[in-house]
Amino acid sequence: MTRPKTTLAFFFIIGLLAYFKAMNGDFIWDDLVTVVRNEQIRSFAYIGDWFTSAYTSGAGVTTSNLYRPLSTAAYALIYSVFGLHAFGYHLANLIIHTLNTYLVFSLFQKFNFKKMGCMLAALIFMLHPAQTEAVAHISGLPDILAPLFVLLGLNLFLKKNLKTVDYLKLCGLFILGLLAKELAIVLLPLMIVLLIYIWPTLSKEEKETRKLWLKVLAILACGYIFLRAGLLNFTDSLNLHIKDNAYTEDLNLRITTFISILPSYAKTLFLPIDLYFEKQFIAYPNILSFKGLFGTLVTAGGLVLSYKSLLKGSRNFFLGFFWFFAALLPVMGIVAVNASHADRWLYLPLVGLLILVPIIYERAIDKDIQKKLMIVFLIIAMLFGVRSFARNVQWADSFTFYENELKYNQNSARIYSLVGQLYFHQGDLQAAEASYLKGVSLDTQAMLPEIRYNLGNTYLQMRNLDGAVNQFFMAIEINPKFIDPYIALYNIGIAIHSETLEKGFLELIHKIERGESVDFNSEVAPLAG
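Everything numeric in this text was worked out from a predicted model, so none of it was measured.

(A) Representation of the overall build of the chain within the structure. Regarding its fold elements, the chain presents 26 helices and zero strands. On C-alpha atoms alone, the chain measures out to a radius of gyration of 25 Å, which is about the 24 Å that the 2.2 N^0.38 rule sets for 529 residues. Oriented by its inertia axes, the alpha-carbon framework of the chain measures out at about 85 × 50 × 45 Å. Per-residue burial for the chain yields a buried fraction of 55% across its 529 residues. Taking all contacts inside the chain whose residues are at least 6 apart in sequence as the whole, residues at least 24 apart take part in 71%. Only carbon and sulfur atoms are counted for the fraction: they give 63% of the accessible area of the chain, which is about 24,400 Å². One way to put it: in the chain the 44 positive side-chain charges average out to a point 16 Å from where the 39 negative ones average out.

(B) Region of interest: the packing of helix 20 (residues 413-426) against helix 22 (residues 449-461). Two numbers describe how helix 20 lies on helix 22: the axes approach to 10 Å, and their chain directions differ by 25°. In terms of axis orientation, helix 20 runs roughly parallel to helix 22. Helix 20 and helix 22 meet at a crossing whose hand is left-handed. Side by side, helix 20 and helix 22 meet where Ala413, Ser417, Gln421 and Phe424 of the first sit next to Ile451, Asn454, Asn457, Thr458 and Gln461 of the second. Residue composition of the contact of helix 20 with helix 22, by class: three nonpolar, six polar and no charged.

(C) Examining the nonpolar core more closely. Phe108, Phe111, Leu154, Trp323 and Tyr402 are the most contacted members of the largest nonpolar core, which totals 133 residues. Here Trp323 is in contact with Leu107, Leu151, Leu154, Leu190, Val193, Leu194, Phe318, Leu348, Pro349, Val351 and Gly352, once residues within four sequence places are set aside.

(D) Up close: the pattern of salt bridges. Inspection of every chain in the model, using the stated rule, returns 15 salt bridges. The salt bridge partner of Lys159 is Asp166, with a shortest N-O separation of 3.5 Å. Since its relative accessible area comes to 38%, Lys159 is described here as partly exposed. Its relative accessible area of 5% is what places Asp166 among the buried residues. We note a salt bridge from Arg514 to Glu516, for which the minimum N-O separation is 2.9 Å. Assessed through its relative accessible area of 53%, Arg514 is described here as exposed. Each member of the salt-bridge network shares a partner with another, and the members are Glu133, Lys279, Asp343 and Arg344.

(E) Spotlight on the packing of aromatic side chains. One pass over the full model with this rule turns up 33 aromatic pairs. An angle of 55° between the planes, with centres 5.2 Å apart, marks the rings of Phe399 and Tyr423 as tilted. On the criterion of sequence distance, the pair formed by Phe399 in helix 19 (residues 398-408) and Tyr423 in helix 20 is long-range, its members being 24 residues apart. The class of Phe399 is partly exposed, set by a relative accessible area of 24%.

(F) Inspection of a nonpolar patch on the surface at higher detail. A surface patch of nonpolar side chains, amounting to about 380 Å² of accessible area, comprises Leu251, Ile255, Leu329, Ile334 and Val335. The topology assignment puts Ile334 in the loop between helix 15 (316-327) and helix 16 (349-354).

(G) Broad picture of the side chain of Lys511. Inspection of the secondary structure assignment puts Lys511 in helix 25 (residues 499-513). Given a relative accessible area of 18%, Lys511 falls into the buried group. Beyond its immediate sequence surroundings of up to four residues, Lys511 is in contact with Glu516, Ser517, Val518 and Glu523.

Basis of the calculations
Residues numbered from 1 in each chain as written. Predicted model: local features only at pLDDT ≥ 70, side-chain atom pairs only at ≥ 80, totals over all residues. Heavy atoms only, no water. Helix = DSSP H or I, 4+ residues; strand = E, 2+ residues; numbered from the N terminus. Rg over C-alpha atoms; globule rule 2.2 N^0.38 Å. Buried < 20%, exposed > 50% of the residue type's maximum accessible area, 1.4 Å probe, protein only. Contact = heavy atoms within 4.5 Å. Areas by Shrake-Rupley, 256 points an atom, 1.4 Å probe, with all protein chains shown as cover. Lys, Arg positive; Asp, Glu negative; His and termini not counted. Charge placed at Lys NZ, Arg CZ, Asp CG, Glu CD. Axes fitted to C-alpha atoms, helices over the stretch in contact; angles between N-to-C directions. Parallel < 35°, antiparallel > 145°, perpendicular 65-115°, else oblique. Left-handed = near helix turned anticlockwise from the far one by under 90°. Nonpolar A, V, L, I, M, F, W, Y, C, P; charged D, E, K, R; others polar. Core = buried A, V, L, I, M, F, W, Y, C linked by side-chain atoms within 4.5 Å. Salt bridge = Lys/Arg side-chain N within 4 Å of Asp/Glu carboxyl O. Phe/Tyr/Trp six-rings, centres within 6.5 Å; stacked < 30°, edge-to-face > 60°. Patch = residues over 30% accessible without salt bridge, like charges linked within 9 Å, V, L, I, M, F, W, Y side chains within 5 Å.

This is the structure:
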């Protein structure tokens, strides 16, 4: 019997072969907010702030309604060892991904599948190109840390003859997962799916006990939702959008959009060729399109086949299908999240699809057929590994990464802003200005104050003071809660000996830090005169 440490080491080596290029990559995209500019990870003295403020508040971003204190704690721990050396953060992500791969392997074994089938499924989980968005991206840590606690909890839930201490551990894992990222809420529906799957094998006493503790976890989930809607709601909104729109206010629109997105998920899972980070946000008002009809057919067909699998007693198809959708529950549109779909959201749902691997392997009674199936699945894992390696080459170089993004999003203001930051840090101010201006021209709905702020900093370096001041004021007008331009204008006031700017913006900075609102027209605009 293979020892767990040997299996873990094997998975880590396989993962290292696929991800070693990405481990040489620098901070990219959201990493600048979650790590580089995040003061709260600099010291464990901020522990109180981790649990009482928004996830990005340490970087001065007050428009976020995310709450992930355990992920912030993880960044702080990594920072205490590696500082701002990106390698340490990449290494941590790979280690967590390795642990998750082992937990998937262990979970499948608990379903009494053959070991080889479980190993093949785990290898595909480790190497699937869709996973690169969560693993290669430093800011993807919450997307793999929360699943770590979910998978630990599910492995524990499948343990026979659970005792009270085991259920208490399960509750603890649930809480830790929720503190890592909101998606850990899926532990509850996934446990319900598993309970239905193992129901015939349980004694009457075990059934009642597990049902009781599921109710306890449901109470914990409700308590978490209550806190997030109240005390831990940092934007006075129940969605993750800065501004309300038709999508945030219409549940039916969000559901039809999710159903219509299913073909995109299918393409990523089965033919992961076109991989990019920023997906265009498209809302689908109805399902009367190819994508909508395809998604509806898949959903309806899956429900019918799941019901039949329950009637026949095998329950395997039910397990895989309902796992997939239960794991996608937080991004189905019930809550208005800030994207229509993302590869990283497939991290846990992929496990449901991979249940097919040991099932197919299991049904091949003939050893020769099993051997051929093993070769086929190994080839699939290898091809996925090659594609992941190629994607990680892009993650390793910021300019290469953004060039790939622009192939799919030529009109993305945010990408041009991020490219501008790269040029700015290289000292190429003209190229930075050009990128920022391109981003400004594309930000037609004035949703990204960061572009204006970054352009203002570029003008400061170019000694264009009037241009800088103008951009900082525009950034505040777009988002009066964005504190960075206030600080920039305060410092300009000191530099040019302007008592109006210095005192006026110092007062506004203190007001924002107290969590009070600022009115641009009455409080900020007069300071421009």
